[in-house]
Amino acid sequence: MSNDTPEVLISESDIRSRVAELAAQISRDYEGCDNLVMVGVLKGSFIFLADLSRQLKIPRTIEFIAVSSYGSSSVSSGAVRLVMDVRGNIEGKHVLIVEDIVDTGHTLKYLTGMFKSHRPASIKTCSLVRKADSAEVDVKIDYLGFDIGDEWVVGYGLDYGELHRTLPYIGIIEPTD
Ligand code: PRP
């Protein structure tokens, strides 16, 4: 395995198929809804959100939010800090938070709590991957792409030290810090 060319964990075609399945499921679940707001959590969700949102068969608007949890280290601190809030008003709207990865769960827990205080009509969560054995807090993922092990993964939005975000597949690298 090389950190320049990460080993494939989830292939481009497997991601494409799963994203299509999730989009179909979300389109069914929100059928008739005219105020779905998809909130992408920057930076990691930008590619997943772009692909997922373009396959939905229902009206939707897009917002972004930025939080910081890892800093530059590969170890999660548990502390979540809001870096950039959504621009639009979400009161009375159906919010779908879109993540690239749920690791300890602190980020998604923080975001669902924060959005609840804005009185949306509903809040659901979606993540492309989840580190199944890393949960430190209990948080529900309504739409999940893949469960993975405790590897450090990059690609399809995910980074290591800001590298590899635009890799078309999800690969494994060996953290060096
Ligand atoms: C990653 C990921 C999630 C969060 C998940 O973001 O995108 O937002 O960590 O971790 P948790 O479940 O342990 O809270 P990161 O802080 O690496 O920022 P990035 O999306 O800009 O890469």
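Just above, that's the structure.
What comes next concerns the included structure. None of the values given here were measured: they were computed from a predicted structure. One numbering rule holds for all chains: residues counted from 1, following each sequence as written. Two thresholds apply to this predicted model, a pLDDT of at least 70 for residue-level local features and 80 or more for giving and counting side-chain atom pairs, whereas whole-chain, interface and lining totals are computed over all residues. Think of the side-chain values as coming from all heavy atoms in the structure, minus any hydrogens and water.

Turning to the packing of aromatic side chains, a few remarks are in order. When two rings of Phe, Tyr or Trp (its six-membered ring) have centres within 6.5 Å they constitute a pair, described as stacked for plane angles under 30 degrees, edge-to-face for angles over 60, and tilted for the intermediate range. Counted under the stated rule, the structure contains 1 aromatic pair. Taking the centre distance of 5.7 Å and the plane angle of 75 degrees together, the rings of W152 and Y160 count as edge-to-face. Relative accessible area decides the class of each residue, using a 1.4 Å probe on protein chains only: under 20% of the type maximum gives buried, over 50% gives exposed, and in between gives partly exposed. Looking at W152, the relative accessible area reads 13%, which means it is buried.

Moving on, we get to the side chain of H106. Strands here are runs of E lasting at least two residues and helices are runs of H or I lasting at least four, both read from the DSSP assignment and numbered beginning at the N terminus. Take H106: it is sitting in helix α3 (residues 106–116). We call two N or O atoms a polar contact when they sit within 3.5 Å, provided that within protein one can donate a hydrogen and the other can accept it, with sequence-adjacent residues counted only if both atoms are side-chain atoms. A distance of 2.9 Å separates polar atoms of two side chains, one belonging to H106 and the other to E136. Note on contacts: a residue pair qualifies if any of its non-hydrogen atoms lie within 4.5 Å across the two residues. Every residue in contact with H106, bar those within four places of it in the chain, is listed here: G78, V80, E136 and V137.

Turning to the pairing of strand β3 (residues 60–68), a few remarks are in order. Two elements, strand β2 (residues 36–42) and β3, share 7 bridges in a ladder whose sense is parallel. Looking at the pairing, V41 lines up with I65 of β3. Orient the strands so they point away from the viewer, and a crossover whose first-strand-to-second-strand path over the helix runs clockwise is right-handed. Handedness of the crossover is the feature at issue here: the chain leaves β2, passes through helix α2 (residues 46–54), returns alongside β3, and the resulting connection is right-handed. A pair of strands is labelled paired if DSSP reports no fewer than 2 bridges between them. Alignment of β3 against strand β4 (residues 81–84), held across 3 bridges, turns out to be antiparallel. Paired with V67 across the bridge in β4 is L82.

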